[in-house]
Amino acid sequence: MSDLNTPVQADNVHVANVKTSPVVKKSNLGFWVALTLFLLVAGVSAFLWYQYQAINNLHNILASQTAANDVKQKALEAKVAEDLANQGKQVQGDVTELTQRLDSTTSKVLALTNLNKDDWKLAEVDYLLRMANQRILMEHEAVNSLALAQSANSVLAELQNADLFPARKKLSEEIEALKLAQKIDREGIYLQLLAITQQIENLPLIEPLFEEDEETIAALNEGEELPSTTLWQSVKNVGKRAWHKLSMYVRVRDQGRRVDAILPPEDQMYLKQNLRLMLEQAQIGLLREEQHVYQASLDKAQNWIRDYYPLNDQAQIVLNDLDQLKKNNVQQPLPDFTGSAALVKEYLRQKDRLAFSRHGGN
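Basis of the calculations
- Residues numbered from 1 in each chain as written.
- Predicted model: local features only at pLDDT ≥ 70, side-chain atom pairs only at ≥ 80, totals over all residues.
- Heavy atoms only, no water.
- Helix = DSSP H or I, 4+ residues; strand = E, 2+ residues; numbered from the N terminus.
- Contact = heavy atoms within 4.5 Å.
- Areas by Shrake-Rupley, 256 points an atom, 1.4 Å probe, with all protein chains shown as cover.
- Buried < 20%, exposed > 50% of the residue type's maximum accessible area, 1.4 Å probe, protein only.
- Polar contact = N/O pair within 3.5 Å; in protein donor to acceptor, adjacent residues only side chain to side chain.
- pLDDT = per-residue confidence, 0-100.
- Expected span 1.5 Å × (residues − 1).
- Arc of directions from axis to C-beta.
- Salt bridge = Lys/Arg side-chain N within 4 Å of Asp/Glu carboxyl O.
- Axes fitted to C-alpha atoms, helices over the stretch in contact; angles between N-to-C directions.
- Parallel < 35°, antiparallel > 145°, perpendicular 65-115°, else oblique.
- Left-handed = near helix turned anticlockwise from the far one by under 90°.
- Patch = residues over 30% accessible without salt bridge, like charges linked within 9 Å, V, L, I, M, F, W, Y side chains within 5 Å.
- Core = buried A, V, L, I, M, F, W, Y, C linked by side-chain atoms within 4.5 Å.

*Asks:* How do you make sense of the overall build of the protein when you look at a structure like this?
*Replies:* When helices and strands are tallied, the protein shows 11 helices and 0 strands. Tracing the protein from N to C terminus, the helices and strands come up as α-α-α-α-α-α-α-α-α-α-α. When contacts within the protein are restricted to residue pairs at least 6 apart in sequence, long-range pairs at least 24 apart make up 76% of them. Accessible area for the protein stands at about 26000 Å²; split by element, carbon and sulfur atoms hold 59% of it.

See below:
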């Protein structure tokens, strides 16, 4: 029974193999198709995912750029608004300034249209008083300033305006005060100091001990023989020659004061130069009305003359002149005309205000 069954089984296996072969081929083809489809789907999905990421990134970039643009736009709008506000303020300021200028010009034109003969005379009075004050304050000059003030007073008298009575009263008081002010002859003092300065070179620093005629001194200096007629004259000439030679080395002075050493020639030149400078400094103090500088300069000049110059007649004359000059007061307080000038200006301002108010009312 077993033998009979064995072949039968082999045939059955062969038959089975033969029958299952197409099925295996079909299953492999499906696998590859499925794999291809899977890869295709995976590739498409990856491509779509990449495109989605790119689109998302682009969207983020556009969103950030939009936000930055919004910030820039807001900043630009704020700056434009600020510039417009500043320009508006500037325009408003310019308009205000132009309005003020227009008002000022209108008032000036109105004042010019309302001018009459009295107004021109008042303007002349104001000018004369300003010139008088300038002469006093800047030049310390009383004569011309007094003449200008008197001219202004004459113009006020011609106006015969009761409202100007306080200004004219004040001006009369100032004119009288200027008339009573102490007068200083500055030109005379200056010229006197200049004359003393020019005489410094003529002041001898060494005083001769005895009087000799010029011909005798010249003959002794040149070593010539002096003319003699008698024996006594010859002896006298020999004595003069010996005394002249001795006097070149010995000088005896009794001036009742301390005697300084005789200056060498170069120091004598510096002494005279410094003495001239002191007198010129006194002139500057005179012109600037500096009493201390004026007095100190004259004192120093006197001390140098007493110390280094012999007290002969020439030096004593210079010292006396300097004493007289020291008695002068170079500071001259002069009254000015500021009070009357202020009253005249106040009257003019009130008149202009009244004229402007009348023009505005009409």
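*Asks:* I would appreciate a short explanation of the side chain of Asn153 in the present structure.
*Replies:* One can find Asn153 in helix α3 (residues 143-159). Classification of Asn153 as buried rests on a relative accessible area of 18%. Among the polar contacts made by the side chain of Asn153, one reaches the side chain of Arg168 at a distance of 3.4 Å. Once residues within four sequence positions are removed from consideration, Asn153 is found in contact with Arg168, Leu171, Ser172 and Ile175.

*Asks:* What should I look at first to understand the confidence of the model for the protein in this one?
*Replies:* When pLDDT drops low, the exact placement of atoms in the prediction is not to be read closely. Mean pLDDT over the protein: 75, with 70% of residues reaching 70 or higher. Counting contacts from residues 1-21, a segment whose pLDDT is below 50, to residues more than four positions away or on other chains yields 0 contacts. Note on residues 207-215: pLDDT is under 50 here. Beyond four places in sequence and across chains, it has 13 contacts.

*Asks:* Any chance you could explain helix α4 (residues 165-179) here in plain terms?
*Replies:* It helps to recall that an α-helix has 3.6 residues per turn; residues three or four apart then point in one direction. Its 15 residues give α4 an end-to-end C-alpha distance of 21 Å, which sits within 8% of 21 Å, the value for a rise of 1.5 Å per residue. Here α4 has its buried residues at Ala167, Leu171, Glu174, Ile175 and Leu178. One face of α4 carries all of its buried residues, which in axial projection span an arc of 100 degrees.

*Asks:* Just to check I follow, could you spell out the pattern of salt bridges for this structure?
*Replies:* Pairing of side chains with opposite charge becomes possible as their charged atoms draw close. Evaluation of the coordinates by the stated rule reveals 7 salt bridges. Measuring nitrogen to oxygen at the nearest pair gives 2.8 Å for the salt bridge that ties Glu173 to Lys169. With Glu173 and Lys169 both in helix α4 and 4 residues apart, the pair spans about one turn of that helix. The exposure class assigned to Glu173 is partly exposed, which follows from its relative accessible area of 39%. Close ionic contact of Glu346 with Arg349 constitutes a salt bridge, the shortest N to O distance being 2.8 Å. Of the two residues, Glu346 and Arg349 are both situated in helix α11 (residues 338-361); the distance of 3 residues between them amounts to about one turn of the helix. Taking the relative accessible area as the measure of exposure, Glu346 reaches 30% and is therefore partly exposed.

*Asks:* Explain the packing of helix α2 (residues 117-139) against α3 to me, please; I cannot follow it from the model alone.
*Replies:* If you want to describe how two helices pack, look at the angle between their axes and the distance between the axes. At a closest axis distance of 8 Å, the pairing of α2 and α3 adopts a crossing angle of 160 degrees. Judged by the inter-axis angle, α2 sits roughly antiparallel to α3. As α2 runs across α3, the sense of the crossing is left-handed. Of the residues in α3, those in contact with Asp118, Lys121, Leu122, Glu124, Val125, Leu128, Leu129, Met131, Ala132, Arg135 and Ile136 of α2 are Asn144, Ser145, Leu148, Ala149, Ser151, Ala152, Val155, Leu156, Glu158 and Leu159.

*Asks:* Would you mind showing me how to read the environment of Lys121 here?
*Replies:* With respect to the helices and strands, the residue Lys121 is situated in helix α2. Since its relative accessible area comes to 18%, Lys121 is described here as buried. In contact with Lys121, not counting residues within four places along its chain, are Val155, Glu158 and Leu159.

*Asks:* Even after reading the chapter, I still don't get α2, so can you show me in this structure?
*Replies:* Between its first and last C-alpha, α2 extends 32 Å over 23 residues, near the 33 Å set by a 1.5 Å rise per residue. Immediately beyond the C-terminal end of α2, within one or two residues, lies His140, with a positive phi of roughly 50 degrees.

*Asks:* Sorry if this is basic, but what is going on with a nonpolar patch on the surface here?
*Replies:* There is a patch of nonpolar side chains on the surface, built from Leu29, Val33, Leu37, Leu40, Val44, Phe47 and Leu48 and spanning about 670 Å² of accessible area. Of note, Leu29 is situated in helix α1 (residues 2-113).

*Asks:* What is the right way to look at the nonpolar core in this model?
*Replies:* Across soluble globular proteins, you tend to see nonpolar side chains buried next to one another. Among the nonpolar cores identified, the biggest contains 25 residues, and Val125, Leu129, Leu156, Leu171, Leu178 and Phe337 are the most heavily contacted of them. Mapped onto this core, the elements with two or more residues apiece are α2, α3, α4 and α11. Among the elements that make up this core, the one with the highest residue count is α3 (7 residues). Not counting chain neighbours up to four residues away, the residues in contact with Phe337 comprise Leu129, Ala132, Asn133, Ile136, Ser145, Ala149, Leu171, Glu174, Ile175 and Leu178. Judged by nonpolar contacts, the second largest core, of 23 residues, contains Met278, Ala301, Ile305 and Ala315.

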